[in-house]
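Commentary on secondary and tertiary structure
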Amino acid sequence: MDESLANWFSREILPLERDLLRYLARAWPRTVEVEDLRQEVFLRVYQAARQSRPQSPRGFLFRTAYHLLIDRVRHARVVSIEATGDIEELNVLIDEISPEQRVGARQELKRLASAFDRLPPRCREVIW
């Protein structure tokens, strides 16, 4: 093991562990996986730092965590929409959604559902 790499990692990355755990716990719906995610982020950062040390270790750490979560979401998307039941259970956090956007989207879905309910039965069946 490259001693300077280990020193860099201990000095620049490990002190950010608590912040990383807080970020992962907030961004990932399955809290039992947070410790494993942390380890995978650390591994990715360490392996990348073997090639060259990032200029902004904090930014690199959190960007790596973000990309790991995106990878996990992509793999989870293999599940069919019908099997999930409620799309919010997927908790996809590619882009953070503001509370206003979330409320607006819910209202739009309610209006759409209401419009579908007003259709004649055969039309509704065709659309669904």
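This section reports on the structure supplied with the text.

Criteria and thresholds
Residues numbered from 1 in each chain as written. Predicted model: local features only at pLDDT ≥ 70, side-chain atom pairs only at ≥ 80, totals over all residues. Heavy atoms only, no water. Salt bridge = Lys/Arg side-chain N within 4 Å of Asp/Glu carboxyl O. Helix = DSSP H or I, 4+ residues; strand = E, 2+ residues; numbered from the N terminus. Buried < 20%, exposed > 50% of the residue type's maximum accessible area, 1.4 Å probe, protein only. Core = buried A, V, L, I, M, F, W, Y, C linked by side-chain atoms within 4.5 Å. Phe/Tyr/Trp six-rings, centres within 6.5 Å; stacked < 30°, edge-to-face > 60°. Axes fitted to C-alpha atoms, helices over the stretch in contact; angles between N-to-C directions. Parallel < 35°, antiparallel > 145°, perpendicular 65-115°, else oblique. Left-handed = near helix turned anticlockwise from the far one by under 90°. Contact = heavy atoms within 4.5 Å. Nonpolar A, V, L, I, M, F, W, Y, C, P; charged D, E, K, R; others polar.

1. Regarding the pattern of salt bridges
Between side chains of opposite charge, a pair can form when the charged atoms approach closely. Inspection of every chain in the model, using the stated rule, returns 11 salt bridges. Among the salt bridges present, the one from Glu33 reaches Arg72, with a minimum N-O distance of 3.8 Å. Of this pair, Glu33 sits in the loop between helix H2 (17-27) and helix H3 (34-51) while Arg72 sits in helix H4 (residues 57-76), and the two are 39 residues apart along the sequence. A residue is classified by how much of its surface remains accessible, and Glu33, at 22% relative accessible area, is partly exposed. A relative accessible area of 25% means that Arg72 is categorised as partly exposed. It is possible to trace a salt-bridge network through shared partners that takes in Arg30, Glu33, Glu40, Arg44, Asp71, Arg72 and Arg74.

2. What about the nonpolar core?
One finds Leu20, Leu24 and Leu61 to be the most contacted residues of the largest nonpolar core, which totals 24 residues. Of all the secondary structure elements, the ones that give two or more residues to this core are helix H1 (3-13), H2, H3 and H4. Per element, the largest residue contribution to this core is 7 residues, and it comes from H3.

3. Things to note about the packing of aromatic side chains
Summed over all chains, the structure comprises 3 aromatic pairs. Residues Phe9 and Phe42 carry aromatic rings whose centres are separated by 5.5 Å and whose planes lie at 85 degrees to one another, so their mutual orientation is edge-to-face. On the criterion of sequence distance, the pair formed by Phe9 in helix H1 and Phe42 in helix H3 is long-range, its members being 33 residues apart. Of the two residues examined, Phe9 and Phe42, each falls in the buried class. Put simply, the rings of Phe9, Phe42 and Tyr46 pair up and form one aromatic cluster.

4. A look at the packing of H2 against H3
Axis separation between H2 and H3 bottoms out at 10 Å; the angle between their running directions is 125 degrees. Of the possible angle classes, the one that applies to H2 and H3 is oblique. Considering only the axes of H2 and H3, their crossing is right-handed. Every residue of H3 that contacts H2 at Glu17, Leu20, Leu21, Leu24 and Ala25 is listed here: Val34, Glu35, Leu37, Arg38, Val41 and Phe42. Here the contact of H2 with H3 is composed, by residue class, of 8 nonpolar, no polar and 3 charged.

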